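Observations on the three-dimensional arrangement
Here is what each chain is made of, one letter per residue.
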Amino acid sequence: MEVATNTVVSIRYVMKNSGGEILEDIMDKEPVEYLHGSGNILPGLEKGLEGLPAGFTKIIRFKIDENSDENYQLNVKIDNIRAATPAEIEMGKPEPKQSNNSCGPGCCC
């Protein structure tokens, strides 16, 4: 499966500014998920991920917006891609993951 509209994509990344300073590094943490095509991530990043398969690593360079002089670089690893559910498409984002310590509805633990 490839990154496309209405897929839920799990990524990990290292984000750097134009000076090479690391702004955020989640490469050794849990991946983040987003719904591709929903406009919930930066347009330059979304465009750079389009069509890539799971397991792919890519360096994507982009600007926050067209008026910005600041360039950013994301070293991105695509961990997983899956089809979004109808509910996720309607919400415009992935459904929240269930906590491992949840014992069910009405739980007080």
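For the structure itself, look to the data block above.
Residues numbered from 1 in each chain as written. Predicted model: local features only at pLDDT ≥ 70, side-chain atom pairs only at ≥ 80, totals over all residues. Heavy atoms only, no water.

1. Some points on the overall build of the chain
Looking only at helices and strands, the chain has two helices and five strands in total. When the helices and strands of the chain are placed in sequence order, the string is β-β-β-α-β-β-α. Across the chain, every contact between residues at least 6 apart in sequence was considered, and the portion connecting residues at least 24 apart equals 56%. Split by element, the accessible area of the chain, about 7100 Å² in all, is 49% carbon and sulfur. (Helix = DSSP H or I, 4+ residues; strand = E, 2+ residues; numbered from the N terminus. Contact = heavy atoms within 4.5 Å. Areas by Shrake-Rupley, 256 points an atom, 1.4 Å probe, with all protein chains shown as cover.)

2. Observations regarding the side chain of Ser-10
Within the secondary structure, Ser-10 sits in strand β1 (residues 7-17). Not counting residues within four places of it along the chain, the set of residues in contact with Ser-10 comprises Pro-31, Val-32, Glu-33, Lys-77, Ile-78, Asp-79 and Asn-80.

3. Examining unusual backbone geometry
Within the chain, Asn-6 stands out as a residue other than glycine whose phi angle is a positive 65°. Looking at the secondary structure, you find Asn-6 in the segment before β1. Here Asn-6 falls in the partly exposed class, since its relative accessible area comes to 33%. (Buried < 20%, exposed > 50% of the residue type's maximum accessible area, 1.4 Å probe, protein only.)

4. Observations regarding the side chain of Arg-12
Structurally, Arg-12 is set in strand β1. Judged by its relative accessible area of 17%, Arg-12 is buried. There is a polar contact of 2.5 Å between the side chain of Arg-12 and the backbone oxygen of Met-27. One polar contact links Arg-12 to Asp-79, side chain to side chain, over a distance of 2.6 Å. (Polar contact = N/O pair within 3.5 Å; in protein donor to acceptor, adjacent residues only side chain to side chain.)

5. Quick word on the environment of Met-15
Note on placement: Met-15 falls in strand β1. On the accessibility criterion, Met-15 (14% relative accessible area) is buried. Sequence-wise, Met-15 and Gln-73 are 58 residues apart; in three dimensions their C-alpha atoms are separated by 5.7 Å. Residues within four places of Met-15 in sequence aside, it is in contact with Glu-21, Ile-22, Leu-23, Glu-24, Phe-62, Tyr-72, Gln-73 and Leu-74.

6. Thoughts on the nonpolar core
Counting residues in hydrophobic clusters, the biggest one holds 18 residues, and the most contacted among them are Ile-11, Leu-49, Val-76 and Ile-78. At five residues, strand β5 (residues 71-83) tops the list of elements feeding residues into this core. (Core = buried A, V, L, I, M, F, W, Y, C linked by side-chain atoms within 4.5 Å.)

7. Things to note about the pattern of salt bridges
Counting across every chain of the model gives two salt bridges. Among the salt bridges present, the one from Arg-12 reaches Asp-79, with a minimum N-O distance of 2.6 Å. Separated by 67 residues along the polypeptide, Arg-12 in strand β1 and Asp-79 in strand β5 bring together distant segments of the chain. On the basis of relative accessibility, which here comes to 27%, the residue Asp-79 falls in the partly exposed class. Glu-88 is paired through a salt bridge with Arg-82; the nearest N and O atoms lie 2.7 Å apart. Residue classification places Arg-82 among the partly exposed positions, given a relative accessible area of 27%. (Salt bridge = Lys/Arg side-chain N within 4 Å of Asp/Glu carboxyl O.)

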